[in-house]
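Close look at the chain arrangement
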Amino acid sequence: MAAEIQRGLEDVVALESRICFIDGQKGRLIYRGYDIRELAERSTFEEVAYLLWYGRLPTASQLDELTSRLVPLRELPPALAREIDELPLSAHPMDILRTAVSALALVEPEETRPGPTSIGGAQRLTAALPTILGRFHRRRNGGKPPEARPGLSAAAYLLYALLDREPTELEARALDVALILHADHELNASTFSARVTASTLSDLYSSITSAVGTLKGPLHGGANERVMELLAEIGNPERAEEVVTGKLSRHERIMGFGHRVYKVEDPRATILREWSRRVGEAKNELRYYELLRQVEAVVHREKGLYPNVDLYSGSMYTLLGIPHDLFTPIFAASRVVGWTAHVLEEYEDLRLIRPTAKYVGPTDLPYVPIADRR
Ligand code: ACO
């Protein structure tokens, strides 16, 4: 029987999961049974991390316990801190992150054993990623490494680690919402890659190293950085129409639009659009917001495409003072929760993930000795 190929594995159901549900037709995203809109409105990133890891919302004392467990884990082991300080300052922070996650497995191997005990590794990574990024970013700015700062929430700590100042309440809440929205998304490419690695019974940190490398690509996590390049190219609002239609006529992709699963607007884009407006208003800078609204109108009219999560995150991060090459690392600092939840789920019901390919090359070629090859 001829093999049927689903290019890009589109619509292939590869496994059962209890973590995340996407209704691409209705534009709904559910984490462990809860609608993302309600989680973004009412919960915090730490609560959502608990939900994704343990399958239920925490009580107040469970949340306190998780928060106090995470704070000391922000401190990097000295061997890892030294290694980060040796890495080239010209490197992209996603490469730093991938290298640091891999290096953490060398200095803390006991956290990486496959199995339910890997929850320790999941929490270690979630707490340490902001410190890794902050340490590298501050060094390239000539600053000092961040301290653990127990009083700061995960979102506020991430901003503090990067910016070397404590954020305002609005800034911290805006990032908190962004982290909630990015925490999981079913079998997206990077999560799949983490699960493929875990399915060989490899360790947690190896699985997350695979995921970071996969997230880096511009068709996945790297898109928000490219959205800012587009805004820079457009410059002023009168040029939005011309630049976007020009790109589309050259069959170029407009970053921040389209999605493999959503056929309507990505609910995360709806929420981030509103938050980017709020942050813009607070900073008296609505230029990006207004430009993006124009881009949205042109792309929808010309291609019928809707925005995805990446469209508004980059401009909001820019208003928070975050440089462009840290956008995808921030995505990773949130998605690490989803990746690790999926790896833990994979360990519970593991079957080696190994699809097949339809071979379209030749067979039965006569072997020519090297001296006779032309
Ligand atoms: N700009 C212009 N055209 C697009 C875009 C876009 N952003 N997205 C899809 N299309 C067009 C394609 O050119 C194609 O047209 P064609 O049939 O005339 O050739 C059609 O829509 C289908 O595109 P595919 O690539 O087959 O659809 P797929 O499901 O593989 O694409 C993807 C999903 C990769 C996200 C795509 O929409 C894209 O490249 N978007 C831009 C990058 C981006 O924003 N990525 C972030 C995604 S969200 C995330 O990972 C967090």
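It should be emphasised that the depicted structure is a prediction, and the values quoted were computed from it without experimental measurement. (Residues numbered from 1 in each chain as written. Predicted model: local features only at pLDDT ≥ 70, side-chain atom pairs only at ≥ 80, totals over all residues. Heavy atoms only, no water.)

For the rest of this paragraph, the subject is the overall build of the protein. Tallying secondary structure elements over the protein gives 16 helices and three strands in all. Here the protein has a C-alpha radius of gyration of 22 Å; the compact-globule value for 374 residues is 21 Å, and the two agree. In terms of principal-axis extent, the alpha carbons of the protein reach across some 70 × 55 × 45 Å. The burial tally for the protein puts 52% of its 374 residues in the buried class. (Helix = DSSP H or I, 4+ residues; strand = E, 2+ residues; numbered from the N terminus. Rg over C-alpha atoms; globule rule 2.2 N^0.38 Å. Buried < 20%, exposed > 50% of the residue type's maximum accessible area, 1.4 Å probe, protein only.)

Another aspect to go through is the sheet that holds strand β3 (residues 34-35). Spatial ordering of the open sheet is given by β1-β2-β3, a layout of three strands whose pairing is antiparallel. Where the open sheet ends on each side, the last strands, each with one partner, are β1 (20-23) and β3. Both β1 and strand β2 (residues 28-31) contribute to a ladder of four bridges, which runs antiparallel. Of the residues in β2, the one forming a bridge with cysteine 20 is tyrosine 31. (Pairing = 2+ DSSP bridges.)

Further remarks concern empty space enclosed by the protein. Applying the stated criterion across every chain yields a total of two cavities of 30 Å³ or more. Considering the residues around the largest cavity, the lining is formed by 14 residues, among which Arg74, Thr126, Ala127, Pro130 and Ala154 are closest to the centre. Breaking the lining of the largest cavity down by element, the ones donating at least two residues are α2 (45-54), α3 (60-70), α6 (119-140) and α7 (154-163). For the lining of the largest cavity, a count of residues per class yields 10 nonpolar, two polar and two charged. Its boundaries defined by the atoms lining it, the second largest cavity holds a volume of some 30 Å³. (1 Å grid on protein atoms, 1.4 Å probe; cavity = no way out; pocket = protein on both sides within 12 Å on 5 of 7 lines; lining within 4 Å. Points joined across faces, edges and corners; volume = space filled by probe spheres on them. Nonpolar A, V, L, I, M, F, W, Y, C, P; charged D, E, K, R; others polar.)

Moving on, we get to the site of the ligand. Around the ligand lies a shell of 19 residues, among which Arg253, Ile254, Gly256, Phe257 and Arg260 are the nearest. Within the contact set of the ligand, a nitrogen atom lies 3.2 Å away from a backbone nitrogen or oxygen of leucine 219. For the ligand, a nitrogen atom lies 2.9 Å from a polar atom in the backbone of phenylalanine 257. Protein coverage of the free-state accessible area of the ligand, which is 910 Å², stands at 68%. The cavity that encloses the ligand is the largest pocket. For the shell around the ligand, the class distribution of residues is nine nonpolar, five polar and five charged. (Near = heavy atom within 4 Å. Polar contact = N/O pair within 3.5 Å; in protein donor to acceptor, adjacent residues only side chain to side chain. Areas by Shrake-Rupley, 256 points an atom, 1.4 Å probe, with all protein chains shown as cover. Sits in = over half its atoms within 2 Å of the grid points.)

Between the first and last C-alpha of helix α11 (residues 223-234) there are 17 Å, a value that for 12 residues agrees with the 16 Å anticipated at 1.5 Å per step. Three or more residues of α11 are buried, namely Ala223, Asn224, Glu225, Val227, Met228, Leu230, Leu231 and Ile234. Phi turns positive, to about 70 degrees, at glycine 235, one or two residues after α11. (Expected span 1.5 Å × (residues − 1).)

Once the domains are mapped, the protein shows domain 1 (20-218 + 324-348) and domain 2 (223-319). A separation of 25 Å is found between the C-alpha centroids of domain 1 and domain 2. On the side of domain 2, 28 residues touch domain 1, which itself brings 30 residues to the contact. Counting each side, the surface lost to burial between domain 1 and domain 2 is near 2400 Å², with a carbon and sulfur contribution of 69%. Applying the counting rule to domain 1 against domain 2 returns one salt bridge. In this structure, glutamate 171 and lysine 283 form a salt bridge, with 2.6 Å as the shortest nitrogen-oxygen distance. Of all the elements in the fold, those that place two or more residues in the side of domain 1 that touches domain 2 are β1, β2, α1 (36-42), α8 (169-182) and α16 (327-348). Ranked by residues supplied to the side of domain 1 that touches domain 2, first place goes to α8 with nine residues. Residues of the side of domain 1 that touches domain 2, tallied by class, amount to 14 nonpolar, eight polar and eight charged. (Domains from an automatic or database assignment. Contact = heavy atoms within 4.5 Å. Buried area = accessible area lost by both parts, 1.4 Å probe. Salt bridge = Lys/Arg side-chain N within 4 Å of Asp/Glu carboxyl O.)

Once that is clear, we can look at the nonpolar core. Membership of the largest hydrophobic core comes to 106 residues, with the highest contact counts inside it found for Tyr31, Leu125, Ile132, Leu175, Ile208 and Tyr317. At 12 residues, α16 tops the list of elements feeding residues into this core. Residue assignment places this core across two domains, with domain 1 (20-218 + 324-348) and domain 2 (223-319) each supplying three or more. Each residue touching tyrosine 317, except ones within four places of it in the same chain, is listed here: Leu175, Ala178, His182, Asn224, Ile322, Phe327 and Ile330. Residues Ala156, Tyr157, Ala161 and Ala172 belong to the second largest nonpolar core, which totals six residues. (Core = buried A, V, L, I, M, F, W, Y, C linked by side-chain atoms within 4.5 Å.)

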